[in-house]
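Examination of the molecular architecture
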Amino acid sequence: KIFEALNTRLGEYWANHRRTMNPSMNSYLIPNLHQDVGMNTQELAVTVPKPVHVKKGMFSELHSNVSEAGIPVTATHFDLQREMLWMGNYTGHVQSFLGPTMAHYSSFQVHATDAIRHMQSLDTGVLFLSKCNLRCYTCGGLVMSDYRMEEGADMHSLLMTDNMLLMGELQNYVAEVDLNTLQETQKFTVETPGVTIMRQTNHFFFFRHPSKYHLIVTLRDLHTFRTQNFDAFPGGLSDFDVHGNLLAVSGFSSRGPNERFLMVYDLRRMQAATPLWVHVDPFFVRFIPTYTSRLAIISQTGMKLAWNHNLWPCSPIPTVQATPSSRWAPGMEPEIPQTIETVGFNSYVENPYACPFNQVPANEEGTPGHGYYNHVPESPTQSDEEPLLHTVPEKYRKVTIKYSKCGREDFDFKHYNRTLFAGLEPQIPNAYCNCMIQVLYFMEPVRCLVQNHSCHKEFCLACELGFLFHMLDLSQGDPCQASNFLRALRNIPEAKEMGLILSNCEETTGTVELGRLIQRWNHFMLYQLFQETQEQEDPRAYRTPRSSSLGSSGDSVIRELFCSEVENRSLCLCGIETVHSSLMLLFNMHYPDSQGKRMKEHDFAEILKKSICLQQRSHTWCENCDKYHLTVQTRNIRRLPDVLVINCEVNSSKEAEFWKVQAEYAFNKSMQKTDQDQRHVWIPATLKMSLSKSQRLEISSWPEGWFYAAEEAEGASLYDLVVTVPHILDSGLVAHIKVGETYHQRKEGVSRQQWYLFNDFLIESIEKSEAAQFDVSWKVPAILCYAKRNYHTKYDLRSECQHNQSEVKSDLYRTQKQRKTDATFIPLTVSEMPRAGDLVGLDAEFVKLSEEEAVLHSDGTKSTITPSQMSVARITCVRGQGPNEGVPFIDDYISTQEQVVDYLTKYSGIEPGDLDATVSSKHVTTLKSTYLKLRFLIDSGVRFVGHGLQNDFRVINLVVPKDQVIDTVHLFRLPYKRMISLKFLAWYFLGLNIQGETHDSTEDSCTALKLYRKYLELYQEGGNHYVTKVLYEVYDKGFQLNWKVPDLDAR
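Keep in mind it's a predicted model, so treat the numbers as computed, not measured.

Reading the values: the criteria
- Residues numbered from 1 in each chain as written.
- Predicted model: local features only at pLDDT ≥ 70, side-chain atom pairs only at ≥ 80, totals over all residues.
- Heavy atoms only, no water.
- Helix = DSSP H or I, 4+ residues; strand = E, 2+ residues; numbered from the N terminus.
- Buried < 20%, exposed > 50% of the residue type's maximum accessible area, 1.4 Å probe, protein only.
- Contact = heavy atoms within 4.5 Å.
- Areas by Shrake-Rupley, 256 points an atom, 1.4 Å probe, with all protein chains shown as cover.
- Salt bridge = Lys/Arg side-chain N within 4 Å of Asp/Glu carboxyl O.
- Core = buried A, V, L, I, M, F, W, Y, C linked by side-chain atoms within 4.5 Å.
- Pairing = 2+ DSSP bridges.
- Axes fitted to C-alpha atoms, helices over the stretch in contact; angles between N-to-C directions.
- Disulfide = S-S within 2.5 Å.
- Arc of directions from axis to C-beta.
- Phe/Tyr/Trp six-rings, centres within 6.5 Å; stacked < 30°, edge-to-face > 60°.
- Lys NZ or Arg CZ within 6 Å of the ring centre and 35° of its normal.
- Parallel < 35°, antiparallel > 145°, perpendicular 65-115°, else oblique.
- Nonpolar A, V, L, I, M, F, W, Y, C, P; charged D, E, K, R; others polar.
- Expected span 1.5 Å × (residues − 1).
- Polar contact = N/O pair within 3.5 Å; in protein donor to acceptor, adjacent residues only side chain to side chain.
- Lys, Arg positive; Asp, Glu negative; His and termini not counted.
- pLDDT = per-residue confidence, 0-100.

Next up on the list: the overall build of the chain. Summing up its helical and strand segments, the chain has 20 helices and 49 strands in all. Counting the 1051 residues in the chain, one finds 52% classified as buried. Sequence-distant contacts, at least 24 apart, represent 61% of the contacts inside the chain between residues at least 6 apart. Approximately 49,700 Å² of the chain is accessible, and the part contributed by carbon and sulfur atoms is 51%.

This is the structure:
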């Protein structure tokens, strides 16, 4: 059974219960309880394994130790004040281990006969609970206090509050003890005897009672107590733990053994969530303190697993096999007693070592000693560098956004990107493809194609790429999110079938081979663009007006850019040859097998030619033989593309060694010809490719700077290296991109070509030689792109971005009869057509698709590793002028097919079911439809008024020019002061009490409009000086009220 505290004084204590114990506690020292304490000296030199690198998200054994041979351990406790582990056993003996090396610190007897049932660390000592005693000891083993229970007591659990202690036993009550006076203050009666486990959150206390078939949660109320029963396990509970709004329970079946699943309960709705199926018999369950969204599951046999909050397995945790060690320490070294000095009853000796008394120097074999702490991470976010990072340049390492109390607002992105190109944020699911999104963006024909593309599919990657590329165009160096594009990707079945959608577990643990993954993504994306851009779903689908120009249709652009026409021949043993033609969007590299011999030197052009004109043997079906036969399959190319895309297929050590050896051959050759550093370079900067009259492909490396006009006349073409995508081991994927003149002209107003490194939001110019260097010990090639020289001149590179304006207008100026669900807004009339400068009040509400992942440090601070993933759920636009000012003309609820973990109803007003078009009473539409309406308003030049619009636009994936945004959060803010909430501003300036039980986007957008009008009044009354004076008064009032809005008459 689970109960909440029956005393209102015991709520909300967890964050501040570590206060120092009152000195009056020393008066309870009992001298006759002092006993000999065995301090291990030689055992300090514990043999431990060499430093083990712990990869983020994975669990590996660092060190192990054993208490006493044959004596069961009954309680363990990580000291919350010191870096120590406490271990109590069945005979009442306690041992402590210090630091990450688990060096023996102290060993003493707490109780002569009774087992240690619970331990709790304090600032001044440690509490030990046995059957009928509660004793406090110093870390060295001196008794500080002894509290004896009444006769017949059978204590099992304890729980700390401020300076109070709750103790549960097998009776029908819970005792409260004051730690300052060591007196029992009161007892709380429980419904059923037996409190064996106690847990606590901000709102509930949880008690487990043995041999009960139900779980009971009693909600704390100021005057009454309500109980809520859940059916858990018919055979009883083995363990449970709580964190936030989740309660996880393990238990037994009616037949006895553990059920192989956990019951998970949502404490907000007091209902069972989806059971968590596991692969072991769960006996112990714990939420991992440093990873607030992960769960550790332990079986009785020692098998351990880690699961995250999305119910995906994170990592197995290895079990420990150790050798028992002796409790008592052997004698000290013989020279130490000779230097002992005695003063009274105390003896002193100088420490002969250069390290503290509880450590030893590292031996020659590398046993950790004094300096080893620097190699063991305190937490996952402060871990030691990855094994390869000492060789990886800083700019190639994984970049992460450091989140503060203000989120990402005060993070300095300019430190990582001093160009005007836009980076992409990595802290969203499946952002591994950021590098390839940049590659497609900097291919001018692809960018123009998708920006001009429009269709009616809800999840069209070409449309979403066009929207994203429009953001990248408008951004002046600020990073963007690809969340809408990745949302569409997650909803395409073929992407899931190809394994392109990673779970949170796969992303955080780094178990995915990113090199293979990005090559699969590359193949899928090119094929998807080929399919989507040539589909004609509707005659109204947009196409460029220059129908005669190459690039006027999606078919011609993708076909000309990437497609190679190939002829496939299959020759059977019976002599029958079959021939068929096909299109190839890219080619995979194939490498010769050295078969254990010394690798020969190979030219890259030679290997590429054999990979394109591939010849292989395989068993295929022969129509003539009417059975499977060994056939020889040959592929010959008949037309070359404008952009040759190559998957390098360096997926094993065998291929990596091949690249390494070939780069060494190439380097030795280059040293004889040039002084430039060509280390780790095998691929040429330029290739000459041609098809002979006999349709044979010829490929050769082309020296840099050679004149090629004569070669072109003969039908040959030069292909320049424009993209390389390497996999940085133990880090991520990056891209080297040769940015052309048109992009520099648009962004910087200059005409030049330059290579850049794109590492998410880190963008930096590099030398062209660096793009071709692959030190396979840390930088493994994944994708290469060679582009025909001056290929883009034959494409229509106009980007008009006119996305079905007639249909968008028909949505905004809907003239047909409104449905019942549309009653929350009134469409615009023709006379209300938005014009440049018109005001539009805007507000958006969001739901949460995943919880944030944070880490708790030893000093109590919290760092966000991965922020919660938000999805827009409602967008409201209201008129900012005219007779209908304040009346919404857009109030769209955005349908979602993804699982929502939290509707944030208190802050969003969104209820379960509101986003489901089949059951919702709201006006539910697609994100794409609403996005196009907002794009139309932006292009019309309207000015958006709202509160905190920057974050809204970022999550919606919109870049709005700054002169079109009026954000009241900045209008009513003094420099370097906190931002003021809309609720407080509305109360202070307008006398309105908004956001009562929930938030409403219509109410918030109308309030922002009124605040803007108020700001204009203040400005007209006295200018900036007067506005600043009023704001100082607002801040003074806010500090007086602690920024809480009182009753309206209190103003």
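After that view of the structure, there is still more to cover.
What follows is about the pattern of salt bridges. For the structure shown, the criterion picks out 34 salt bridges. For Lys848, the salt bridge is made with Glu851, and the minimal N-O distance between the two is 3.4 Å. Owing to a relative accessible area of 30%, Glu851 belongs among the partly exposed residues under this scheme. Salt bridges sharing common partners tie together Arg559, Glu560, Glu565, Arg639, Asp642, Lys788 and Lys794.

Here we come to the nonpolar core. Counting 104 residues, the largest nonpolar core has Tyr432, Ile437, Ile518, Trp521, Phe562 and Phe944 as its most contacted members. Excluding anything up to four places from it in sequence, Ile518 contacts Tyr432, Cys433, Cys435, Met436, Leu733, Ala782 and Ile783. Counting residues in hydrophobic clusters, the runner-up holds 53 residues, among them Leu608, Leu644, Ile728 and Val776.

As paired elements, strand 31 (residues 615-622) and strand 32 (residues 627-639) share 8 bridges and run antiparallel to each other. Bridging from a neighbouring strand, His619 pairs with Leu630 of strand 32.

Taken across its 12 residues, strand 42 (residues 839-850) has 12 buried, putting it largely inside the fold. Relative to strand 48 (residues 943-946), strand 42 runs parallel, the two sharing 3 bridges. Note on strand 48: the bridge partner recorded for Leu839 is Arg943.

Here 4 strands make up an open sheet; going across it, the order is 9-10-11-12 and the pairing antiparallel. Strand pairing shows two members of the sheet lacking a second neighbour, strand 9 (155-161) and strand 12 (183-189), which therefore form its edges. Averaged over all adjacent pairs, the angle separating strand axes in this sheet is 25 degrees, with direction ignored. Bridge analysis of strand 11 (residues 173-178) against strand 12 gives 6 bridges, and the strand direction is antiparallel. Opposite Tyr173, over in strand 12, you have Thr189 as the bridge partner.

The strand order 29-28-32-31 describes an open sheet built from 4 strands, whose pairing is antiparallel. Across the chains shown, the open sheet's two edge strands, defined by having one partner strand only, are strand 29 (577-584) and strand 31. With direction set aside, neighbouring strand axes in the sheet form an average angle of 35 degrees.

The next point concerns the state of the cysteines. Two cysteines, two sulfur atoms, one covalent bond between them: this is a disulfide. Enumeration according to the criterion identifies 0 disulfides in this entry. Of all cysteine sulfurs, the one in Cys574 lies closest to Cys572, which takes part in no disulfide; the gap is 3.6 Å.

In an α-helix, one full turn covers 3.6 residues, which means residues spaced three or four apart are oriented alike. Restricting attention to buried positions, one finds in helix 17 (residues 949-956) the residues Leu949, Asp952, Phe953, Val955 and Ile956. Taken end-on, helix 17 shows its buried residues confined to a sector of 165 degrees, consistent with a single buried face. Buried positions along helix 17 lie against helix 4 (483-490), strand 42, strand 45 (869-879), helix 16 (927-940), strand 48 and strand 49 (965-967). Just beyond helix 17, the residue with positive phi is Asn957, at close to 75 degrees.

Attention now moves to the packing of aromatic side chains. In total, this model carries 38 aromatic pairs according to the counting rule given. Between Phe411 and Phe413, the aromatic rings sit 4.9 Å apart at their centres with planes inclined by 75 degrees, giving edge-to-face as the arrangement. Owing to a relative accessible area of 14%, Phe411 belongs among the buried residues under this scheme. With a centroid separation of 5.4 Å and an interplanar angle of 80 degrees, the aromatic rings of Phe421 and Phe442 are classed as edge-to-face. Note that Phe421 is positioned in the loop between strand 27 (346-348) and helix 1 (434-441) and Phe442 in the loop between helix 1 and helix 2 (444-452), a separation of 21 residues in sequence. Assessed through its relative accessible area of 1%, Phe421 is described here as buried. Through a chain of ring-to-ring contacts, the aromatic side chains of Phe972, Phe984, Trp987, Tyr988, Phe989, Tyr1015, Tyr1019, Tyr1035, Phe1039 and Trp1043 assemble into a single cluster. Against the face of Phe774 rests Lys779, its NZ or CZ located 5.6 Å from the ring centre.

Below, the discussion takes up the environment of Val285. For Val285, the location among the structural elements is in strand 22 (residues 284-287). On a C-alpha basis, the gap between Val285 and Phe240 in space is 5.8 Å, while along the polypeptide they are 45 residues apart. Every residue in contact with Val285, bar those within four places of it in the chain, is listed here: Asp239, Phe240, Asp241, Ala248, Ser250, Leu262, Leu295 and Ala296.

Below, the discussion takes up the packing of helix 1 against helix 3 (residues 461-474). At a minimum axis distance of 11 Å, the contact between helix 1 and helix 3 shows a crossing angle of 80 degrees. With respect to helix 3, the element helix 1 is oriented roughly perpendicular. Taking contact as the criterion, the partners of Ile437, Gln438, Leu440 and Tyr441 in helix 1 are, on helix 3, Leu465, Leu468, Phe469, Leu472 and Asp473. Of the residues belonging to the contact of helix 1 with helix 3, the class tally is 7 nonpolar, 1 polar and 1 charged.

The phi angle of most residues is negative, glycine excepted, and most peptide bonds adopt the trans form. In this model, Glu649 sits at a positive phi of 60 degrees, which is unusual for a non-glycine residue. Following the sequence through the fold, Glu649 ends up in the loop between strand 33 (643-647) and helix 10 (653-673). A relative accessible area of 24% means that Glu649 is categorised as partly exposed. Backbone geometry places Leu904, a non-glycine residue, at a positive phi of 50 degrees. Looking at where Leu904 falls in the secondary structure, it is placed in the loop between strand 46 (888-894) and helix 15 (905-908).

With 19 residues, helix 7 (residues 514-532) ought to run about 27 Å at 1.5 Å a step, and its terminal C-alpha atoms sit 26 Å apart, in line with that. The buried fraction of helix 7 amounts to 14 of the 19 residues, a majority that puts the element mostly inside the structure.

A word on the environment of Ser1005. Relative to the helices and strands, Ser1005 resides in helix 20 (residues 1001-1040). Accessibility expressed as a relative area gives 0% for Ser1005, which makes it buried. Beyond its immediate chain neighbours, meaning those up to four positions away, Ser1005 contacts Gly841, Leu842, Asp843, Thr876 and Val878. A polar contact of 2.9 Å, which involves the side chain of Ser1005, links it to the backbone oxygen of Ser1001.

Looking now at the side chain of Asp914. Looking at the secondary structure, you find Asp914 in the loop between helix 15 and strand 47 (924-925). The side chain of Asp914 is buried and forms no salt bridge, while Lys922, the nearest opposite charge, is found at 5.0 Å.

Take the environment of Ala153 next. With respect to the secondary-structure elements, Ala153 resides in the loop between strand 8 (143-148) and strand 9. Look at Ala153 and you get buried, because its relative accessible area is 6%. Those residues within four positions of Ala153 in sequence are excluded, and the remaining contacts are Lys131, Cys132 and Glu169.

Turning our attention to the confidence of the model for the chain. Taken residue by residue, the chain gives an average pLDDT of 77. The fraction at 70 or more is 72%. Predicted confidence for residues 1-58 stays below pLDDT 50, and this span has 172 contacts to residues more than four positions away or in other chains. Predicted confidence is poor over residues 211-217, with pLDDT under 50, and the contacts of this stretch with residues over four places away or in other chains come to 34 contacts.

For the pair helix 19 (residues 982-990) and helix 20, interaxial distance at closest approach is 10 Å and the crossing angle is 75 degrees. As judged from the angle between their axes, helix 19 and helix 20 are roughly perpendicular. Here Leu982, Phe984, Leu985, Ala986, Trp987, Tyr988, Phe989 and Leu990 of helix 19 lie close against helix 20, whose contacting residues are Asp1004, Thr1007, Ala1008, Lys1010, Leu1011, Lys1014, Leu1018, Val1030, Glu1033, Val1034, Lys1037 and Gly1038. The residue makeup of the contact of helix 19 with helix 20, split by class, is 13 nonpolar, 2 polar and 5 charged.

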